[in-house]
Amino acid sequence: MCGCSQRRRASIFTRQPDGNGPGEIFFQAHGITPIDPQALPQPVLRSVPRDQHPISRKDISPNALRVLYRLREAGFGAYLVGGAVRDLLLGMHPKDFDVATDATPEQVKQLFRNCRLIGRRFRLAHVVYGREIIEVATFRANVDDGSGDREVEDGRLVRDNVYGTIEDDAVRRDFTCNALYYAIEDFSVRDYTGGYEDVLARKMRLIGDPETRYREDPVRMLRAVRLAAKLGFSIDPPTAEPIPRLAGLLAEAAPARLFEEMLKLFLSGHAVASFEGLERHGLLGALMPETAAALRSNRSGALRRMVLKGLAGTDARVAADEPVSPAFLFALLLWPAYCRALAGLQAQGMPVEEAQRRAADRVTLHQVQTIALPKRFSLPMQEIWLLQSRFSTRQRKRVFRLLAHPRFRAAYDFLALRLAASDSHAADVEFWREAQQSSGDALAASLDASAASGEDADLDGAPRRRRRRRRRGATASE
Ligand code: ATP
Ligand code: MG
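The name that an unreviewed UniProt entry assigns to the protein is Poly(A) polymerase I, with the source organism given as Pseudoxanthomonas suwonensis. Listed in UniProt under the heading Catalytic activity (unreviewed entry), the comment for the protein reads: "RNA(n) + ATP = RNA(n)-3'-adenine ribonucleotide + diphosphate". The protein has a UniProt comment under Sequence similarities (unreviewed entry) that states "Belongs to the tRNA nucleotidyltransferase/poly(A) polymerase family."

Draft legend 1. Quick look at the overall build of the protein. Of regular secondary structure, the protein possesses 23 helices and 14 strands. Sequence-distant contacts, at least 24 apart, represent 70% of the contacts inside the protein between residues at least 6 apart. As displayed, the protein has an accessible area near 20800 Å², and 50% of this comes from carbon and sulfur atoms.

Draft legend 2. Broad picture of the nonpolar core. By size, the foremost hydrophobic cluster in this structure holds 105 residues, and its most contacted members are Leu71, Leu80, Phe266, Phe330 and Trp385. With eight residues, helix α8 (residues 219-231) is the single largest residue contributor to this core. Taken domain by domain, this core gets at least three of its residues from each of domain 1 (11-201) and domain 2 (288-464). Ignoring any residue separated from it by four or fewer positions in sequence, one finds Leu80 in contact with Ile60, Ala64, Leu68, Val85, Leu88, Phe97, Asp98, Val99, Leu180, Tyr181 and Tyr182. In terms of nonpolar packing, the next biggest core, distinct from the first, is built from 14 residues, Val399, Leu402, Phe408 and Leu415 among them.

Draft legend 3. Region of interest: the packing of α8 against helix α12 (residues 271-280). Interaxial distance between α8 and α12 falls to 8 Å at its minimum, and their mutual angle equals 140 degrees. Considering the angle they form, α8 stands oblique to α12. In terms of crossing hand, the pair formed by α8 and α12 is right-handed. Taking contact as the criterion, the partners of Leu222, Val225 and Ala229 in α8 are, on α12, Ala273, Ser274, Gly277 and Leu278. Residues that form the contact of α8 with α12 fall into these classes: five nonpolar, two polar and no charged.

Draft legend 4. How the structure looks around the environment of His126. Locating His126 in the fold gives a position in strand β5 (residues 124-129). Given the relative accessible area of 0%, His126 is considered buried. Between the C-alpha atoms of His126 and Ala137, which are eleven residues apart in sequence, the distance is 8.7 Å. At a separation of 3.0 Å, a polar atom in the side chain of His126 contacts the side chain of Glu135.

Draft legend 5. Expanded view of the layout of surface pockets. Taken as a whole, the largest pocket spans an internal volume of roughly 470 Å³. Around the largest pocket, the lining is made up of 20 residues, and of these Arg317, Ser325, Phe328, Ala410 and Asp413 lie nearest the centre. Secondary-structure elements contributing two or more residues to the lining of the largest pocket are α15 (302-319), α16 (326-333), α19 (375-387) and α21 (408-417). With six residues, the top contributor of residues to the lining of the largest pocket is α21. Considering only residue class, the lining of the largest pocket consists of twelve nonpolar, four polar and four charged.

Draft legend 6. Representation of the pattern of salt bridges within the structure. Within this structure, the stated rule accounts for 25 salt bridges. Here Glu241 and Arg245 are joined by a salt bridge, their closest N and O atoms 3.0 Å apart. With relative accessibility at 46%, the residue Glu241 sits in the partly exposed group. Asp428 serves as the salt-bridge partner of Arg394, at 2.7 Å between the closest nitrogen and oxygen. Separated by 34 residues along the polypeptide, Arg394 in the loop between α19 and α20 (396-403) and Asp428 in helix α22 (residues 426-437) bring together distant segments of the chain. Both residues of the pair, Arg394 and Asp428, belong to the buried class. Where salt bridges share partners, they join Arg213, Glu216, Asp217, Arg220 and Arg257 into one cluster.

Draft legend 7. Layout of α12. Within α12 the residues assigned to the buried category are Ala271, Ser274, Phe275, Gly277 and Leu278. What you see down the axis of α12 is that its buried residues fit within an arc of 165 degrees, all on one side. Elements in contact with the buried residues of α12: α8, α11 (255-266), α13 (284-287), α14 (289-297), α15 and α16. Downstream of α12 by a residue or two, Gly282 has a phi angle that is positive, lying close to 70 degrees.

Draft legend 8. Local environment of helix α2 (residues 62-73). Compared with the 16 Å implied by 1.5 Å per residue over twelve residues, the 16 Å span of α2 between its first and last C-alpha is a close match. Taken residue by residue, α2 has Asn63, Ala64, Leu65, Val67, Leu68 and Leu71 as its buried positions. Buried residues in α2 make contact with β2 (78-81), β3 (98-101), α4 (105-111), β5 and β6 (132-138).

Draft legend 9. Fine view of the sheet that holds strand β4 (residues 115-118). As summarised here, the arrangement of the eight strands in space is β1-β10-β9-β2-β3-β6-β5-β4, forming an open sheet in which the pairing is mixed. Two strands lie at the open edges of the sheet, namely β1 (46-48) and β4, each paired on one side alone. Each neighbouring strand pair of the sheet contributes to a mean axis angle of 30 degrees, computed without reference to strand direction. Looking at chain direction, β5 and β6 are connected through five bridges and run antiparallel.

Draft legend 10. Region of interest: the packing of aromatic side chains. Counted under the stated rule, the structure contains 15 aromatic pairs. For the pair Tyr79 and Phe139, a centre-to-centre distance of 6.0 Å together with 45 degrees between the ring planes defines the contact as tilted. Here Tyr79, found in strand β2, pairs with Phe139, found in the loop between β6 and β7 (149-153); they are 60 residues apart in sequence, far enough to count as distant. We classify Tyr79 as buried; its relative accessible area is 8%. For Phe139, a relative accessible area of 4% gives the class buried. Ring geometry for Tyr79 and Tyr181: centres 6.1 Å apart, planes at 90 degrees, overall edge-to-face. Taken as a pair, Tyr79 in strand β2 and Tyr181 in strand β9 (residues 180-183) lie far apart in primary sequence, 102 residues in all. The exposure class assigned to Tyr181 is buried, which follows from its relative accessible area of 0%. An aromatic cluster is defined as three or more aromatic residues linked by ring pairs; in this entry it consists of Phe328, Trp335, Tyr338, Trp385 and Phe414.

Basis of the calculations
Residues numbered from 1 in each chain as written. Chains lettered and ligands numbered in written order. Predicted model: local features only at pLDDT ≥ 70, side-chain atom pairs only at ≥ 80, totals over all residues. Heavy atoms only, no water. UniProt positions renumbered as here; feature names shortened; annotations may be inferred. Helix = DSSP H or I, 4+ residues; strand = E, 2+ residues; numbered from the N terminus. Contact = heavy atoms within 4.5 Å. Areas by Shrake-Rupley, 256 points an atom, 1.4 Å probe, with all protein chains shown as cover. Core = buried A, V, L, I, M, F, W, Y, C linked by side-chain atoms within 4.5 Å. Buried < 20%, exposed > 50% of the residue type's maximum accessible area, 1.4 Å probe, protein only. Domains from an automatic or database assignment. Axes fitted to C-alpha atoms, helices over the stretch in contact; angles between N-to-C directions. Parallel < 35°, antiparallel > 145°, perpendicular 65-115°, else oblique. Left-handed = near helix turned anticlockwise from the far one by under 90°. Nonpolar A, V, L, I, M, F, W, Y, C, P; charged D, E, K, R; others polar. Polar contact = N/O pair within 3.5 Å; in protein donor to acceptor, adjacent residues only side chain to side chain. 1 Å grid on protein atoms, 1.4 Å probe; cavity = no way out; pocket = protein on both sides within 12 Å on 5 of 7 lines; lining within 4 Å. Points joined across faces, edges and corners; volume = space filled by probe spheres on them. Salt bridge = Lys/Arg side-chain N within 4 Å of Asp/Glu carboxyl O. Arc of directions from axis to C-beta. Expected span 1.5 Å × (residues − 1). Pairing = 2+ DSSP bridges. Phe/Tyr/Trp six-rings, centres within 6.5 Å; stacked < 30°, edge-to-face > 60°.

Structure, rendered in structure tokens:
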């Protein structure tokens, strides 16, 4: 089993040709300062033999096995490493398989015709089998003794190809559960940091001094919360303790990288747990300051209920292998910020339509400074918001125009979700639900009839008195 459906579902996270994919992202992560060797523990090997662990070759991708065997036959050390080993120990299906070796990238290239080398700062080998890429990384060292290939330009590391031993490689990784190596030579699991015990205890523990490791790369704080949510792990107290204090460091992380992390946090089937984890560890405000502030000021908790309901819906869709969209996700996560901005602008007397547009632009503009939300997602996100006020119409032409809008379905689903925060638009949800189900002719006839009688169109036949409708995007209770 190689988790094919998981791989398909995770297609928005797939590895990019420039190597900026999910694999050894820290090797090319933007601006990680070199590791302080003092902060890292001494590795101590514990080898868990095949008959004492549950990892079986039948659960490993055949292509990853091919790579491991070929490296081994050529006389190199070859190990499955990182998330794949951890997931296999837990009986889960890894979404990608990474290999670590003592062969240099050039040596790997010579062994595989289907291999391309990527990255300048961190050279990696990608062995390509159709849609599956096996990432092969050479063991890295922490310190440069002058023998490696490291180059600094204007104070930034532009090339960092200093190779090392498996022990060096293990202690450079983030969490102990991510630093386990499955050796193809004897099928043992090699553990240098106590990760095996931590996996059994279902615990996230940083390798080395937590504060130093977070300062090196603040995204590790998000990885702690994300992996704990994904795996159902607890975060070891010394690993959790610095997070609220250091949350502000996330503002220095590359916005593009934070966007990738957001997708992994919220579109991998554990969005509710991720959201609650971010809240609990004080990270929500660092990622989405305006949403966090809006949730705090919404005393009734209605907006939070709506966000959690939407995230639970996302998780259900992922579990059913249905598509999930980043635009809808961000529309949901930033809706509290949008409602708050809109209320502020309207309080200043701005006409409603202008206030809606301004609020949408302002929230987007502020948010992209932290999380690089690409336009292809932020524009449909804004459309979902701006369409909300159009659901109150019953005018025949407008009703049909809205039904034909490319973003209608997403906007309607969003409207239905808003019921979790306020039932003031329950009648609209009902009207549009029926409008989608009735034929065009029946809908037109019923709208015409109700316009003539001054009653609301009620598609199941019972007339209602028309209420005066205000065009509005978000209700006061939201
Ligand atoms: P996922 O299930 O999300 O793929 P993962 O642990 O495999 O989780 P990847 O981003 O695929 O995460 O990274 C692969 C491996 O690279 C990790 O298991 C870890 O050993 C190492 N790694 C990734 N990011 C970092 C980081 N920021 N700092 C140190 N090591 C990292
Ligand atoms: Mg991975």
